Amino acid sequence: MIEAVGLTKRYGPKTAVHNLSFQVRPGTVTGFLGPNGSGKSTTMRMILGLDAPTSGHATIGGRPFRQTPNAARQVGALLDAKAVHGGRSARAHLLSLAQLSGIPARRVDEVLGVVGLQDVAQRRSGGFSLGMGQRLGIAAALLGDPQVLLFDEPVNGLDPEGILWVRNLMKQLAAEGRTVFVSSHLMSEMALTAEHLIVIGRGQLLADMPVKDFISANSADFARVRTPDGAPEQREKLTAAVAEAGGQAVPEEDGALRVTGLPLPRISDLAHAADIRLWELSPHQASLEEAYMRMTQGVVDYRSTADQRSGLQAAPAGYPPQGAAPQGYAPGQQGAPPLPGQVPPGVAAPPPNPYAQQAPYAQQAPYAPAAPVPGGPVPPQQGHPYGGPAPYGAPHPYGQQPPMPPAAPELSTPFEQGGPRSADQPTPHTQDVR
Ligand SMILES: Nc1ncnc2c1ncn2[C@@H]1O[C@H](COP(=O)(O)OP(=O)(O)OP(=O)(O)O)[C@@H](O)[C@H]1O
């Protein structure tokens with residue numbers, strides 16, 4: 001188990017981590033989320049004894065990392081895949097790590113196979129692509145067959161096959177009873193990989209809870225209801241009936257209604273009583289991404305602004321002018337994809353974030369009032385009125401990508417099928433025989 005108790009780290013005037021306490025338990029994948037600069041890497045470095053906390057402490061298996069006997073056999077970590085001597089081959093790099101920790105050389109070849117790098121094992125790691133370097137970092141983390149693993153952005157730069165592999169690897173390691181702590185900005189991936197989440201913002205704990213609780217505590221569920229096309233009076237009738245029953249119906253872009261405040265059976269009864277035919281009545285549960293965006297919207301430090309492209313409008317011959325809408329869309333045209341964070345026209349804005357009001361960060365200096373405590377500020381539990389995941393393809397309330405479909409079964413990759421593979425590409429993963 002990993003435990004942080006009152007962890008605080010200041011760099012001069014900058015407080016990177018403030019009074020952070022949590023536990024990461026064995027047997028599940030625990031996701032570590034937070035906006036850029038929120039202190040995730042700093043926290044991981046303190047857990048691994050690479051940075052000294054200003055106050056508080058972190059332990060792994062009850063001891064500070066530096067006091068863990070033969071730590072490389074107990075704890076594996078991927079923090080920065082680029083922190084490798086680029087002049088060494090992948091194999092030489094791993095061999096040097098193995099020798100330092102009394103790990104036999106045959107284990108090096110095992111992990112090279114596990115991460116799919118056996119065919120490039122003799123190549124200088126300095127020439128590796130981002131994804132290959134990431135695989136090498138994962139191999140180093142697995143080298144000592146440790147019980148506790150920390151991964152900082154492990155899927156960074158990996159191809160889809162690699163992402164699926166990492167997802168399954170994390171789950172497998174956790175299923176073997178290991179402690180797996182993994183940071184990522186890929187919400188769709190985290191939703192498929194992690195069971196538990198620790199979320200921080202500006203160095204402070206925002207939530208420490210199971211993924212499913214996090215989603216239901218930070219999102220608004222709704223029902224999508226569709227009356228027959230070409231019968232707007234039916235839609236208006238239903239809108240009125242919903243309002244009368246205490247719910248709210250807002251039209252969506254495609255003509256359906258987004259209904260909040262009423263459970264599905266009640267909507268069905270209302271439609272039946274008003275003699276309204278329904279073409280669709282389906283539940284929508286928010287994605288982890290939506291829930292995360294709602295929780296962290298008040299603690300994001302780095303926000304993009306619109307690109308004004310001052311004086312650079314003249315496009316080179318053969319290129320469309322900069323700032324032009326993608327082909328097929330005119331600016332503001334119905335159907336043009338919304339900008340990030342923009343609510344598409346006709347789509348109901350999400351209900352206000354219950355945390356936005358409580359967030360101590362929006363108007364005050366960081367770290368002023370007490371941060372939310374472990375378990376997070378859970379609003380009154382309403383339970384999911386509908387149950388069931390969102391149907392894929394349902395419009396996302398923020399205009400963002402819908403969640404990825406559930407974890408695909410073990411697909412055989414083109415590599416496994418004997419498809420073409422360049423010498424640069426990682427080879428198929430092999431079973432970790434340890
Ligand atoms: N060595 C350092 N010296 C000064 N400031 C630092 C140092 N390391 C981190 N910081 C600052 O601490 C804050 C937290 O950084 P950290 O890298 O831990 O965030 P993060 O959550 O991992 O970010 P990202 O998601 O972008 O990787 C940032 O403001 C960063 O600039």
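Residues numbered from 1 in each chain as written. Predicted model: local features only at pLDDT ≥ 70, side-chain atom pairs only at ≥ 80, totals over all residues. Heavy atoms only, no water.

Points about the overall build of the chain
Going by this rule: In DSSP terms, a helix is any run of H or I states spanning at least four residues, a strand is any run of E spanning at least two, and both are numbered starting from the N terminus. Residue burial is assigned from relative accessible area. The probe radius is 1.4 Å, only protein chains are included, and a residue is buried under 20% of its type maximum, exposed over 50%, and partly exposed in between. By definition in these notes, contact holds between two residues if any of their heavy atoms fall within 4.5 Å. Per-residue and other accessible areas follow the Shrake-Rupley method at a 1.4 Å probe size, with only the shown protein chains counted as cover for residues.
When you go through the chain residue by residue, the secondary structure sums to 12 helices and 13 strands. Counting every position in the chain, which comprises 434 residues, the buried fraction comes to 43%. Within the chain, residue pairs in contact and separated by at least 24 positions form 72% of the contacts whose partners lie at least 6 positions apart. Here the chain has roughly 21300 Å² of accessible surface; of this, 54% comes from carbon and sulfur atoms.

What about the confidence of the model for the chain?
Inclusion rule: The pLDDT score gives, residue by residue, the confidence of the prediction method on a 0 to 100 scale.
Residues of the chain with pLDDT of at least 70 account for 73%, and the chain-wide mean is 78. pLDDT under 50 marks residues 323–423. Its contacts with residues more than four places away, or in other chains, come to 165 contacts.

As for the site of the ligand
Counted only if it meets this: Throughout, near means a residue has at least one heavy atom within 4 Å of the molecule or strand. Counting of polar contacts relies on pairs of N or O atoms within 3.5 Å, with two restrictions inside protein: one atom must be capable of donating a hydrogen and the other of accepting it, and residues adjacent in sequence are counted only when both atoms are side-chain atoms.
Near the ligand there are 13 residues, and of these Gly37, Lys40, Ser41, Thr42 and His185 occur at the shortest range. Within the side chain of Asn36, a nitrogen or oxygen atom sits 2.8 Å from an oxygen atom of the ligand. Contact between the ligand and His185: an oxygen atom at 2.8 Å from a side-chain N or O atom of the residue. Contact with the protein chains removes 63% of the 640 Å² of surface that the ligand exposes when unbound. Within the residue set of the shell around the ligand, elements represented by two or more residues are strand 2 (14–24) and helix 1 (40–47). The biggest single contributor to the shell around the ligand is helix 1, with four residues.

Let's talk about the sheet that holds strand 12 (residues 257–260)
Condition: One requirement defines pairing of two strands: DSSP has to find at least two bridges between them. Axis angles are defined between N-to-C directions and span 0 to 180 degrees, where every axis is a line fitted to C-alpha atoms and, for a helix, only to the segment in contact.
Overall, antiparallel pairing links the four strands, which are arranged 11-12-10-13 in an open sheet. Sheet topology places strand 11 (248–251) and strand 13 (280–284) at the edges, where each strand pairs with a single neighbour. For this sheet, the mean inter-axis angle between neighbouring strands, taken without regard to orientation, is 25 degrees. When strand 11 meets strand 12, the two strands line up antiparallel, connected through four bridges. What sits directly across from Pro251, in strand 12, is Leu257.

What to know about the sheet that holds strand 7 (residues 179–183)
Read from one edge to the other, the open sheet built from six strands follows the order 5-6-7-3-8-9, with strand pairing classed as mixed. Edge positions in the sheet fall to strand 5 (75–78) and strand 9 (204–210), since each has one partner strand and no second. The sheet shows a mean angle of 15 degrees between the axes of neighbouring strands, direction not considered. Sheet topology places strand 5 next to strand 6 (residues 148–152); four bridges connect them, and they run parallel. When the sheet's bridge partners are listed, Val75 is paired in strand 6 with Val148. Across the face of the sheet, helix 5 (residues 130–142) comes into contact with strand 5 and strand 6 while running at roughly 170 degrees to strand 5.

Section: unusual backbone geometry
With glycine set apart, most residues show a phi of negative sign, and most peptide bonds adopt trans. For Asn70, which is not glycine, the phi dihedral falls at a positive 45 degrees. Looking at Asn70, the relative accessible area reads 42%, which means it is partly exposed.

Section: helix 5
The criterion, for reference: Here the expected span of a helix is defined as 1.5 Å times the quantity of residues minus one.
The end-to-end C-alpha distance of helix 5 is 19 Å, a good match for the 18 Å that 13 residues give at a rise of 1.5 Å each. Across the 13 residues that make up helix 5, a large majority, 11, are buried. When we look at burial in helix 5, the residues that qualify are Gly131, Met132, Gly133, Gln134, Arg135, Leu136, Gly137, Ile138, Ala139, Ala141 and Leu142. Tucked inside the fold, the buried residues of helix 5 contact strand 5, helix 3 (90–100), helix 4 (105–114), strand 6 and helix 6 (160–175).

Description of the packing of helix 5 against helix 6
Worth spelling out the cut-off: Any angle that is under 35 degrees is reported as roughly parallel, and any over 145 degrees as roughly antiparallel; angles of 65 to 115 degrees are reported as roughly perpendicular and all others as oblique. Crossing chirality is assigned from the near helix's rotation relative to the far helix, an anticlockwise turn below a right angle marking it left-handed and a clockwise turn marking it right-handed. Gly falls in the polar group here, along with every residue not listed as nonpolar (Ala, Val, Leu, Ile, Met, Phe, Trp, Tyr, Cys, Pro) or charged (Asp, Glu, Lys, Arg).
Running from amino to carboxyl end, helix 5 crosses helix 6 at an angle of 15 degrees, the nearest separation of the two axes being 12 Å. Overall, the two elements helix 5 and helix 6 adopt an arrangement that is roughly parallel. Helix-helix and strand crossings are classified by hand; for helix 5 and helix 6 the assignment is left-handed. Contact residues: helix 5 offers Arg135, Ile138 and Leu142, while helix 6 offers Glu161, Gly162, Trp165, Val166, Leu169 and Leu173. Broken down by class, the residue content of the contact of helix 5 with helix 6 amounts to six nonpolar, one polar and two charged.

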